[in-house]
Amino acid sequence: MIPEKYRKCIEACLACAVACNQCATSCLKEEDVTMMAKCIQTDLECAAICRSAAELMSLNSSYSTLICNICADACYNCALVCEQHAEMGMQHCQICAEACRLCADECEKMAA
């Protein structure tokens, strides 16, 4: 059973990982993939960290606070990158940025 204190953060991390994966996949379908390289890389890194954070929290790990700090940082960075593309009308980047901001907020609460 997942400790209740981690529930919202785990849900946010998993949702963010999915949004990042979907964003990276959508970025690969853009006309100028080279322009999207940083976004794709950032998405994949953020998704990996979010999955790791969710897994460690589910274990009630003593590393939960540390990984949540790292996750919040990765999510804020990913949101910044995606927001630049969202301004150009890329809906998948807007969705990803929103998920990243929510996850970063939950991770910061968890790490506090």
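Residues numbered from 1 in each chain as written. Predicted model: local features only at pLDDT ≥ 70, side-chain atom pairs only at ≥ 80, totals over all residues. Heavy atoms only, no water.

Just give me the short version of the nonpolar core, but keep the residues and values in it.
One finds Cys13, Cys50, Met57, Cys75, Cys93, Cys100 and Cys103 to be the most contacted residues of the largest nonpolar core, which totals 40 residues. Of all the secondary structure elements, the ones that give two or more residues to this core are α1 (7–27), α2 (37–58), α3 (64–86) and α4 (91–111). Excluding its chain neighbours within four sequence positions, the residues that come into contact with Cys13 are Cys50, Ala53, Ala54, Met57, Cys71, Cys103 and Cys107. (Core = buried A, V, L, I, M, F, W, Y, C linked by side-chain atoms within 4.5 Å. Buried < 20%, exposed > 50% of the residue type's maximum accessible area, 1.4 Å probe, protein only. Helix = DSSP H or I, 4+ residues; strand = E, 2+ residues; numbered from the N terminus. Contact = heavy atoms within 4.5 Å.)

Give me the lowdown on α4, citing residues and values where you can.
Given a rise of 1.5 Å per residue, 21 residues ought to cover 30 Å, and the 30 Å separating the end C-alpha atoms of α4 matches this to within 8%. Burial in α4 covers these residues: His92, Cys93, Cys96, Ala97, Ala99, Cys100, Cys103, Ala104, Glu106, Cys107, Met110 and Ala111. The inward-facing, buried residues of α4 contact α1, α2 and α3. (Expected span 1.5 Å × (residues − 1).)

Give me the environment of Ala54: which residues, what numbers.
Mapped onto the elements, Ala54 comes out in helix α2. A C-alpha to C-alpha distance of 19 Å links Ala54 and Ala97, two positions 43 residues apart in sequence.

Outline the pattern of salt bridges, supporting the account with residue identities and numerical values.
Under the defined criterion, the tally for this structure stands at four salt bridges. As a salt-bridge pair, Arg7 and Glu4 come within 2.8 Å of each other at their nearest N and O atoms. The class of Glu4 is exposed, set by a relative accessible area of 55%. One salt bridge connects Glu11 with Arg7, and the closest N-O pair in it is separated by 3.4 Å. Taken together, the positions of Glu11 and Arg7, both in helix α1 and four residues apart, correspond to about one turn of that helix. Its relative accessible area of 34% is what places Arg7 among the partly exposed residues. Where salt bridges share partners, they join Glu4, Arg7 and Glu11 into one cluster. (Salt bridge = Lys/Arg side-chain N within 4 Å of Asp/Glu carboxyl O.)

Tell me about the state of the cysteines, and please be specific about residues and values.
The bond known as a disulfide is covalent and runs between the sulfur atoms of two cysteines. A complete count under the given rule lists zero disulfides for this structure. In this structure Cys16 is a free cysteine whose sulfur lies 3.6 Å from that of Cys100, the closest cysteine sulfur available. Cys20 forms no disulfide, and the closest cysteine sulfur to it belongs to Cys96, at a distance of 3.7 Å. Residue classification places Cys20 among the buried residues on the basis of a relative accessible area of 0%. (Disulfide = S-S within 2.5 Å.)

Account for the packing of α2 against α3, with residues named and values stated.
The interhelical angle for the contact between α2 and α3, taken along N-to-C directions, is 155 degrees, at an axis separation of 9 Å. As judged from the angle between their axes, α2 and α3 are roughly antiparallel. The chirality of how α2 crosses α3 is left-handed. Only Ser64, Ile67, Cys68, Ile70, Cys71, Ala74, Cys75, Asn77, Cys78, Val81, Cys82 and His85 of α3 make contact with α2, whose side of the interface consists of Lys38, Cys39, Thr42, Asp43, Cys46, Ile49, Cys50, Ser52, Ala53, Leu56 and Met57. Across the contact of α2 with α3, the residue classes tally to 16 nonpolar, five polar and two charged. (Axes fitted to C-alpha atoms, helices over the stretch in contact; angles between N-to-C directions. Parallel < 35°, antiparallel > 145°, perpendicular 65-115°, else oblique. Left-handed = near helix turned anticlockwise from the far one by under 90°. Nonpolar A, V, L, I, M, F, W, Y, C, P; charged D, E, K, R; others polar.)

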